[in-house]
Amino acid sequence: MSPRVVFPNKILPYLLLAPQLAITLVFFYWPASQALYQSMLREDPFGLKSQFVWFDNFARVLADPNYLNSVRVTAVFSIATAAVAMVTALLLAVMADKVIRGRGLYRTLMIWPYAVAPAIAGMLWLFLFNPSIGTLAYGLRWLGIAWNPLLDGGDAMVLVVAAASWKQISYNFLFFVAGLQAIPKTLIEAAAIDGAGPTKRFWTIVFPLLAPTTFFLLVVNTVYAFFDTFGIIHAVTGGGPGKATETLVYKVYNDGFVNLILGDSAAQSVILMVIVIALTAIQFRYVEKKVHYG
Amino acid sequence: MATVDLKDVKKIYAGGVEAVKGVSIAIPDKALCVLVGPSGCGKSTLLRMIAGLESISAGTVSIDGKVVNAIGPTERDIAMVFQNYALYPHMKVYDNMAYGLRNRGTPKDEIDKRVRETAKTLELSALLDRRPRELSGGQRQRVAMGRAIVRNPKVFLFDEPLSNLDAKLRGQMRVEIKNLQRALGVTSVYVTHDQLEAMTLADQLVVMNAGLVEQIGDPLDIYEKPASTFVASFIGAPPMNLLALTRGGAGRMPAGSPEEMAAVGHGSAAGSTALASAAPMLTDGSVVPFAPQAAATLGFRPEDADVTHGAEAPGGALAIPAAVEAVEPVGAESFLYCAAAGTRIIVRVHGRATARPGDQLRVVVRAEKLHWFDQAGKRVG
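None of the values given here were measured: they were computed from a predicted structure.

### Thoughts on the UniProt feature "domain: ABC transmembrane type-1" (unreviewed entry) in chain A
As annotated in UniProt, the feature "domain: ABC transmembrane type-1" (unreviewed entry) corresponds to residues 71–283 of chain A in the numbering used here. Along residues 71–283 of chain A the backbone is 77% helical and 0% strand, and the end-to-end C-alpha distance reaches 19 Å.

Next up, the structure:
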C-alpha cells in the first residue's frame, strides 16, 4: 500500500546495515557455529587433543536418562513458571485497572521486583524458605506442612518456580496494564449495554482483546524460563536435590564447566537451541493465527 | 415501546463540577427526542445517565414509568449507538450483532433469524463474515445500528452517531435513521451538536446550554419562536442576527436624511416627536420602532431580511443602514455579510446577489419577522 522508497545509492543501505550484521555475526553466528563444531568433537581427559566424532555426542546425550530427566524438569519448570507469572500478573493488572486512588504508587511498587537480579531474587526466597533458617519455612512447619526443599525434589521445584515467576510477574504486569488501557472504554460500556456482566465481559471482550499482549508475553516468558532462570536455580538449589531442578541450561553448565565434558555440553546446547527455535516458530505459526490485532 | 421521563436530573462529579443542573424532559412513546447543544453542555452526560453508564446524582430517570436509577445498564433494556461505534474488533459482524442476544440467552435459531433479518434491512447481508476493520466508516455505522436494532430494546440511545462520517454519507444516514426509527417505532434519544441533524431528525427537540434545558418543543416551533438569545443563535444556519438595544441618552432624532429616515423605517414615524430619548436605539444611535417595553436585544433570521439600495423603505418594516463586507454565493442563494450597528449581520438573498463588497445599503426586515429578547436573553412577545 505505502509507496516503496527507493534509495538511489546502491551501497549506502548495506553500509547502514553493516554494524548490526557485524554484531549479529560476531556475537551470535560465530559462537553458535563454534558450539555446533564443538558438539561433534570429543576431547581427551587432559584436553590435549580432540577427535571429530560426528553425531556420537548427540547419540550419547539423547540416550542418557539424566538428560531425559532434565528435559522433563525443564518442561515442568517452564510451563509452571510461565503460567504462574502470567496468570498472577493478569490478575494484578485487572485489579490495578480498577484502582483509582494511589494508582501510580501501586503500579510503581508492583514494578520493583523486576529490578532485582536473578541470583539475589533466588537468595531472598532461599532466606524465606530455607528449612533451617527460613522465616516462612518455620511458619509452614508450624502449620504442619513437611517443607524441605533441600531434601524433597517437589518442594525444591515449587521454590524455584515461585522465585522465577515472582521476578517475572512485574514485567508481565506492566504489559498487561498497558494492554488493558489500550482497550477502549466504550467497548466495555457497549458490552454492558449488550447485557454482559463483569465476568462475561472479561472473558468475551477484554481477554480476547488482550490476546496480542498475552501472546507476546508467552514467547517472552518461555524464553525467560528456559534461559534467564539459571541464576535463580544456581542460587537456590544448584540443580538439586538429586537433579530434581536441573533444567537443560543448568545441565549444560554443569556438564561443561563443572564436569568439563565439553563435547556433551556443546551437543546439549545445540539441542537447546533447536528446541527454542522450534518453540518460537510453533508459537508464531499457530498461536498468532488465533490472535486478533484490533 | 416505552416512555422516558427525566425529573430534575442532576450530575455532580466528585470534584464538585455540576455537569447537569436539574433537567426535566418527558419523552413520549415512539418519539425521537434530540438533545442538542454546544460541547460541554451536558447532553452526552445526560444520555449516559439514561443508559446507566453514569450514576445519577439527584432526580430520577424512569423508563416506561419505572424508576431505573438503581438499575445497571445491563438490565435497562436499552441499546446505544456510540460515536466511535464501539464494535467488538475481534468478532465478525454476525457475532457483533448476535452478542447481545446471546448474553440474554436467546435460542440459537432465533438469534440467527433475527440477525439475518436485521442485516437484510440494513443491507449488511454480504458483510456478515467480515470483521469491523474490514469495513468502511458507513458500513461500521450500519453494523452499530444493526447491533442496536436486533435486540429490539425499549429505548435507542444515539451518541453523536454520524459525527465520524463525511458530509454526504451523514445526510444519507440521517434520512435512514429517521425512516428506521419511524418504522420500528422505538422511543429514541439522540445527542448531537449539529443543529441541522437536530432540526431534521427530531420529533421533540431539546436545546441545552451549560447543564440546563433552554427550550423543549417541536423543531419548527423552536425555530420560529426561540425562547432565548442562546436558542436563537444556536438553531438555524446561519444563526439569527442579534443586535443589542440601548435606552436613554440622546438618541439622534430622525431628521430627514435618508439613512435616518430609514432607521426608523416608517416615513410617517420619522417626523413624529413621540420618539422620546427613552426609546430603544441601536448602538449606532438610530431609534428602533416597534420595540416592546422590555426588549434589550433585537433579532431576525438572515432569510427574513432583504436589502435595498433605494432611499425609500417599505412601510411596516425596520431598515438598518449597513455596509456590505463580503458576499458568499452558494448557488441557490447568497449570503451578504454586512457591518451594521457595530456588529456583523448576515442576510440571505435568493439567487445571485447584486450587492458588492463596499456597497452601502439598507437591510430591511418586516415588523412581524422581528424577535425581541429582554435583558436576561429571554423572549419578549
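Picking up where we left off.
### Overview of the interface of chain B and chain A
Taken together, the contacts link 25 residues of chain B with 19 residues of chain A. In this assembly, chain B packs against chain A so that about 1800 Å² is buried in total across both faces, 58% of it on carbon and sulfur atoms. One can count two salt bridges joining chain B with chain A. In this structure, the salt-bridge partner of Glu189 of chain A is Arg48 of chain B, at a minimum N-O distance of 2.7 Å. At the boundary of chain B and chain A, one finds 13 residue pairs in polar contact (both at pLDDT 80 or more). The dominant element in the side of chain B that touches chain A, judged by the number of residues it contributes, is helix α2 (residues 93–103) of chain B, at four residues. Classifying every residue of the side of chain B that touches chain A by side-chain character gives 13 nonpolar, five polar and seven charged.

### Let's talk about the nonpolar core
Among the nonpolar cores identified, the biggest contains 62 residues, and Leu46 and Leu157 of chain B are the most heavily contacted of them. No other element matches the seven residues that helix α3 (residues 65–98) of chain A contributes to this core. The residues touching Leu46 of chain B, leaving out its near neighbours within four places in the chain, are Leu6, Val9, Val20, Val23, Ile25, Leu35 and Met208 of chain B. In this structure, Ile111, Ala119, Met173 and Leu205 of chain B belong to the second largest nonpolar core, which totals 46 residues.

### What to know about the pairing of strand β11 (residues 241–246) of chain B
Residues and elements named next belong to chain B. Because side chains alternate across β11, one face comprises the buried residues Asn241, Leu243 and Leu245, and the other comprises Leu242, Ala244 and Thr246, none of which is buried. Sheet topology places β11 next to strand β13 (residues 297–300); four bridges connect them, and they run antiparallel. Residue pairing in the sheet places Ala244 in a bridge with Thr297 of β13. The sheet contact formed by β11 and strand β12 (residues 281–282) spans two bridges and is antiparallel. If you follow Leu245 over to β12, its bridge partner there is Leu282.

### Some details on the UniProt feature "domain: ABC transporter" (unreviewed entry) in chain B
In the numbering adopted here, UniProt assigns the feature "domain: ABC transporter" (unreviewed entry) to residues 4–235 of chain B. Helix and strand shares over residues 4–235 of chain B are 36% and 25% respectively, and the end C-alpha atoms of the span are 24 Å apart.

### Notes on the side chain of Gln215 of chain B
Position of Gln215 of chain B relative to the elements: it lies in strand β10 (residues 212–217). Every residue in contact with Gln215 of chain B, bar those within four places of it in the chain, is listed here: Leu205, Val206, Val207, Ile222, Lys225, Pro226, Ala227 and Val231 of chain B.

### Observations regarding the pattern of salt bridges
Close approach of charged atoms lets side chains of opposite charge pair. Tallying each qualifying case throughout the model produces 18 salt bridges over all chains. A salt bridge links Arg366 of chain B to Glu368 of chain B; the nearest nitrogen and oxygen atoms lie 3.0 Å apart. Residue classification places Arg366 of chain B among the partly exposed positions, given a relative accessible area of 44%. By relative accessible area, which is 56% here, Glu368 of chain B ends up exposed. Overlapping salt bridges bring together Lys185 and Glu189 of chain A together with Lys11, Arg48 and Glu54 of chain B as one network.

### Examining the packing of aromatic side chains
Overall, the coordinates contain 20 aromatic pairs over all chains when judged by the stated rule. Taken together, a centroid distance of 5.4 Å and an interplanar angle of 35 degrees make the contact between Phe158 of chain B and Tyr190 of chain B tilted. On the criterion of sequence distance, the pair formed by Phe158 of chain B in strand β7 (residues 155–159) and Tyr190 of chain B in strand β8 (residues 187–192) is long-range, its members being 32 residues apart. Judged by its relative accessible area of 0%, Tyr190 of chain B is buried. Linked through ring pairs, Tyr114, Tyr171, Phe175 and Phe216 of chain A together constitute an aromatic cluster. Directly above the ring of Tyr88 of chain B sits Arg147 of chain B, whose terminal nitrogen or CZ lies 4.7 Å from the centroid. Here Arg301 of chain B stacks its cationic end above the ring of Tyr223 of chain B, 4.0 Å away from the centre of that ring.

### Brief notes about the layout of surface pockets
Residue and element names in this part refer to chain A. Taken as a whole, the largest pocket holds about 740 Å³ of empty space. Take the lining of the largest pocket: its biggest share by element is five residues, from helix α9 (residues 198–209). Class assignment of the residues belonging to the lining of the largest pocket gives a composition of 11 nonpolar, two polar and six charged. There is about 310 Å³ of room inside the second largest pocket. Contributing to the lining of the second largest pocket are 18 residues, with Ser78, Ile79, Ala82, Leu218 and Thr222 lying nearest its centre. Residue assignment for the lining of the second largest pocket shows that the elements contributing at least two residues are α3 and α10 (211–228). Here the lining of the second largest pocket gets 10 residues from one element, more than from any other, and that element is α3. Here the residues of the lining of the second largest pocket are counted per class, giving 14 nonpolar, four polar and no charged.

Thresholds applied
- Residues numbered from 1 in each chain as written.
- Chains lettered and ligands numbered in written order.
- Predicted model: local features only at pLDDT ≥ 70, side-chain atom pairs only at ≥ 80, totals over all residues.
- Heavy atoms only, no water.
- UniProt positions renumbered as here; feature names shortened; annotations may be inferred.
- Helix = DSSP H or I, 4+ residues; strand = E, 2+ residues; numbered from the N terminus.
- Contact = heavy atoms within 4.5 Å.
- Buried area = accessible area lost by both parts, 1.4 Å probe.
- Salt bridge = Lys/Arg side-chain N within 4 Å of Asp/Glu carboxyl O.
- Polar contact = N/O pair within 3.5 Å; in protein donor to acceptor, adjacent residues only side chain to side chain.
- Nonpolar A, V, L, I, M, F, W, Y, C, P; charged D, E, K, R; others polar.
- Core = buried A, V, L, I, M, F, W, Y, C linked by side-chain atoms within 4.5 Å.
- Buried < 20%, exposed > 50% of the residue type's maximum accessible area, 1.4 Å probe, protein only.
- Pairing = 2+ DSSP bridges.
- Phe/Tyr/Trp six-rings, centres within 6.5 Å; stacked < 30°, edge-to-face > 60°.
- Lys NZ or Arg CZ within 6 Å of the ring centre and 35° of its normal.
- 1 Å grid on protein atoms, 1.4 Å probe; cavity = no way out; pocket = protein on both sides within 12 Å on 5 of 7 lines; lining within 4 Å.
- Points joined across faces, edges and corners; volume = space filled by probe spheres on them.

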